[in-house]
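# Structural description and commentary
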Amino acid sequence: METVQLRRYVLEPGRMADFLAWFPTLLPTRQQYGFRVLFALAEHEHQTFTWAVAHDGDEAAFRAAEETYLSSPERAQVFETFPAGIASMEIGFASPAV
């Protein structure tokens, strides 16, 4: 079983380039905690960034792994260089529709 979380960010005007330059630095830490990025898409016209991250197990296992990841020193280190600029975000669990 795999659980997928869909994440959509609306960035402040002019912040997309900095965010896109920073985002790949996050991926090794996510992977270290058992997460896999399924896709990441930037839509420049509306300043949106949408990505999906998966983890083995059910939603409870995802949340447990995420809690460990969120409090990790590795994540804290990556976020020392976070460029900020996220105006709003939507985060939720997704399932196949087709």
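One can find the structure itself at the top, above this paragraph.
To keep things clear, this report deals only with the structure shown in the data block.

All right, on to the overall build of the protein chain then. Counting its secondary structure elements, the protein chain contains four helices and four strands. The helix and strand sequence of the protein chain, counted from the amino end, reads β-α-α-β-β-α-α-β. In terms of overall dimensions, the protein chain is globule-like: its C-alpha atoms have a radius of gyration of 14 Å, near the 13 Å expected for 98 residues. For the protein chain, the spread of C-alpha atoms along the three principal axes comes to 40 × 40 × 20 Å. Among the 98 residues that make up the protein chain, the fraction classed as buried is 34%. Looking at the protein chain alone, contacts between residues at least 24 apart form 75% of all its contacts between residues at least 6 apart. Counting only carbon and sulfur atoms, one obtains 56% of the accessible surface of the protein chain, whose full area is about 5900 Å². Where the 7 positive side-chain charges of the protein chain centre and where its 13 negative ones centre are 1 Å apart.

Under the 1.5 Å per step criterion, the end-to-end length of helix 3 (residues 59-70) is 16 Å for twelve residues, consistent within 8% with the ideal 16 Å. Within helix 3 the residues assigned to the buried category are Phe 62, Ala 65, Glu 66 and Tyr 69. One side of helix 3 holds all its buried residues, which, seen down the axis, span an arc of 105°. Those residues of helix 3 that are exposed and aimed more than 90 degrees away from the buried face are Ala 60 and Glu 67. Of the residues flanking the start of helix 3, the one acting as N-cap is Asp 58, its side-chain oxygen 3.2 Å from the backbone nitrogen of Ala 60.

Time to look at the layout of surface pockets. Considered as a void within the structure, the largest pocket measures approximately 150 Å³ in volume. Around the largest pocket sit 16 residues that line it, and Arg 7, Tyr 9, Leu 26, Arg 75 and Phe 79 are the ones nearest its centre. The greatest single-element share of the lining of the largest pocket, amounting to three residues, is contributed by helix 3. Split into classes, the residues belonging to the lining of the largest pocket amount to twelve nonpolar, no polar and four charged.

The next thing to look at is the environment of Glu 59. Structurally, the position occupied by Glu 59 is in helix 3. What makes Glu 59 partly exposed here is its relative accessible area of 36%. In terms of polar contacts, Glu 59 uses its side chain to reach the side chain of Arg 63, at 2.8 Å.

Conventions used here
Residues numbered from 1 in each chain as written. Predicted model: local features only at pLDDT ≥ 70, side-chain atom pairs only at ≥ 80, totals over all residues. Heavy atoms only, no water. Helix = DSSP H or I, 4+ residues; strand = E, 2+ residues; numbered from the N terminus. Rg over C-alpha atoms; globule rule 2.2 N^0.38 Å. Buried < 20%, exposed > 50% of the residue type's maximum accessible area, 1.4 Å probe, protein only. Contact = heavy atoms within 4.5 Å. Areas by Shrake-Rupley, 256 points an atom, 1.4 Å probe, with all protein chains shown as cover. Lys, Arg positive; Asp, Glu negative; His and termini not counted. Charge placed at Lys NZ, Arg CZ, Asp CG, Glu CD. Expected span 1.5 Å × (residues − 1). Arc of directions from axis to C-beta. Polar contact = N/O pair within 3.5 Å; in protein donor to acceptor, adjacent residues only side chain to side chain. 1 Å grid on protein atoms, 1.4 Å probe; cavity = no way out; pocket = protein on both sides within 12 Å on 5 of 7 lines; lining within 4 Å. Points joined across faces, edges and corners; volume = space filled by probe spheres on them. Nonpolar A, V, L, I, M, F, W, Y, C, P; charged D, E, K, R; others polar.

These figures come from the coordinates and say nothing about function on their own.
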